[in-house]
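Here is how the chains run, residue by residue.
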Amino acid sequence: MKTKAISGLLPALSLGLFLVGCGEEDGLGAAACTTGETYGAITTKLAFSRLVSPTVAPGFDLDGRTSDATDALSCGKVDFTDSDGRSGVDNQLAPLVPEVEKFVGDAIDGLLQGSINDGQLVILMEMENVDDFKNDACVNLGVQVGVKKRPTLGTDGIIEAYQTFVPDPAASRSYVTNARIENGVLETGPFALAIPLAIFDVAFTLNVQNARFRFSIDEDLRLKGVLGGGVLPEEIIDGVKDGDGLEDLLPQIKLLLDANTDLAYNENTGKCEQLSATLDVEGVPAFLRR
């Protein structure tokens with residue numbers, strides 16, 4: 001079976017990632033999770049987000065709270081506001097990225113991008129039951145690793161659209177329900193997401209807790225947005241511990257991550273177990289062949 005790429009020849013449609021959901025009609029059109037088409041995309045960029053300013057950062061309100069330094073449930077970590085004015089944004093990893101780069105050099109995003117461009121890190125997205133890419137009350141979204149394949153790059157150094165990729169049959173598929181597209185912006189509710197990473201000469205899977213997507217769709221049907229959620233510091237450390245030249249730096253990085261956790265407060269220990277994080281994500285239409 002070959003999943004359609006998102007086609008500019010379909011004027012009634014725009015674009016999305018892969019989601020699953022069933023929602024009621026509520027003014028966004030007569031959308032349903034039993035009709036529509038399936039479209040594929042490939043991730044062309046995955047990067048750790050940075051602060052826009054000391055108080056502004058991209059991300060999501062993951063815990064339903066707007067926290068200040070007195071909020072014990074957020075372990076005293078102050079929330080951010082995003083560039084669109086949304087408050088309560090949880091993204092404590094953003095101010096840490098420059099600090100981590102002081103230890104390992106300005107190479108984190110470059111290593112990720114290199115893995116994507118050379119086909120070692122293939123992250124495929126598939127959106128099902130799409131009736132309208134501008135406004136759709138109910139769409140289905142799936143995310144899965146693809147079989148390694150060196151893609152064709154454009155003159156801008158980014159993966160070109162409408163290439164064919166194969167989902168890895170041995171890899172698990174993350175799936176989210178009740179996603180929607182509104183005014184050309186797709187947003188999901190929380191779901192469990194396994195994100196593969198290839199960095200520091202090692203590959204590992206990062207399990208994002210209560211993950212959420214939000215991305216816009218431009219006139220060329222390209223995706224651009226953010227992925228947010230909670231991560232476990234020890235999972236990051238375990239994932240990169242065998243990376244070249246990191247052995248002596250791991251204790252410092254672990255201390256930095258552990259000191260900035262802000263989610264999943266544990267009453268028994270009085271500590272937050274998860275660190276809020278946001279990744280910048282971009283993608284282009286692609287064919288997925290099973």
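Computed from a predicted model, the values in this text were never measured in an experiment. (Residues numbered from 1 in each chain as written. Predicted model: local features only at pLDDT ≥ 70, side-chain atom pairs only at ≥ 80, totals over all residues. Heavy atoms only, no water.)

Chemist: Could you clarify how one ought to interpret the state of the cysteines in this entry?
Modeler: Structurally, a disulfide amounts to a covalent bond that connects the sulfur atoms of two cysteines. Under the counting rule described, the total for this entry stands at one disulfide. Note on cysteine connectivity: C75 is disulfide-linked to C272, with sulfurs 2.2 Å apart. On the sign convention where negative is left-handed, the bridge of C75 and C272, at about 105° about the S-S bond, is right-handed. Of this pair, C75 sits in the loop between β2 (37-48) and α1 (97-104) while C272 sits in strand β12 (residues 271-289), and the two are 197 residues apart along the sequence. The exposure class of C272 is buried, given its relative accessible area of 6%. (Disulfide = S-S within 2.5 Å. Helix = DSSP H or I, 4+ residues; strand = E, 2+ residues; numbered from the N terminus. Buried < 20%, exposed > 50% of the residue type's maximum accessible area, 1.4 Å probe, protein only.)

Chemist: How should I be thinking about helix α4 (residues 250-258) in this particular structure?
Modeler: Residues of α4 that are buried: L250, I253 and L257. On an axial view of α4, the arc spanned by its buried residues comes to 65°, and they lie on one face. Structural note: α4 exposes P251 and L255 on the side pointing more than 90 degrees away from its buried face. Looking at the buried residues of α4, the elements they touch are α1, α3 (233-240) and β12. (Arc of directions from axis to C-beta. Contact = heavy atoms within 4.5 Å.)

Chemist: Before we go on, may I ask you to explain the packing of aromatic side chains in this structure?
Modeler: When we look at a pair of aromatic rings, we describe it by the centre distance and by the angle of the planes. Taken as a whole and assessed by the stated rule, the structure comprises three aromatic pairs. Ring geometry for Y39 versus F133: centroids 4.9 Å apart, planes at 75°, classification edge-to-face. Pair noted here: Y39 is in strand β2 and F133 is in the loop between β3 (123-130) and β4 (136-145), with a separation of 94 residues, a long-range link. Given the relative accessible area of 1%, Y39 is considered buried. Geometry around F165 places K149 over its ring, the cationic atom sitting 4.9 Å from the centre. (Phe/Tyr/Trp six-rings, centres within 6.5 Å; stacked < 30°, edge-to-face > 60°. Lys NZ or Arg CZ within 6 Å of the ring centre and 35° of its normal.)

Chemist: Help me understand helix α2 (residues 108-117) in this model?
Modeler: Because an α-helix packs 3.6 residues into every turn, residues spaced three or four apart end up facing the same way. Residues of α2 that are buried include every one of I108, L112, Q113, S115, I116 and N117, and no others. Elements that come into contact with the buried residues of α2 comprise β2, α1 and β8 (191-199). At the C-terminal side of α2, G119 shows a positive phi close to 80°.

Chemist: Can you help me understand the nonpolar core in this one?
Modeler: I42, L46, L93, L193, F213, L227 and L257 are the most contacted members of the largest nonpolar core, which totals 48 residues. Looking at which element gives the most residues to this core, the answer is β12, with seven residues. Apart from the residues lying within four places of it in its own chain, the contact partners of I42 are V122, I123, L124, M125, I159, F165, E282, G283, V284 and A286. Of all hydrophobic cores here, the second largest spans 14 residues; its members include A41, M125, M127 and L223. (Core = buried A, V, L, I, M, F, W, Y, C linked by side-chain atoms within 4.5 Å.)

Chemist: What exactly am I supposed to notice about the confidence of the model for the protein chain here?
Modeler: It should be kept in mind that the predicted coordinates are not to be read in detail where pLDDT is low. In the predicted model, the protein chain carries a mean pLDDT of 86, and 88% of its residues have values of at least 70. Below pLDDT 50 for its whole length, residues 6-31 participates in 107 contacts with residues either more than four positions away or in separate chains. (pLDDT = per-residue confidence, 0-100.)

Chemist: What is the right way to read the pairing of strand β11 (residues 263-266) from this model?
Modeler: Every regular strand shows the same layout, with side chains that alternate between the two sheet faces. Bridging between β11 and β12 involves three bridges; their strand directions are antiparallel. Across the sheet, the residue bridging to Y265 is C272, located in β12. Taking the residues between adjacent antiparallel strands as the criterion, β11 and β12 are bridged by four residues, where G270 takes a positive phi near 70°. (Pairing = 2+ DSSP bridges.)

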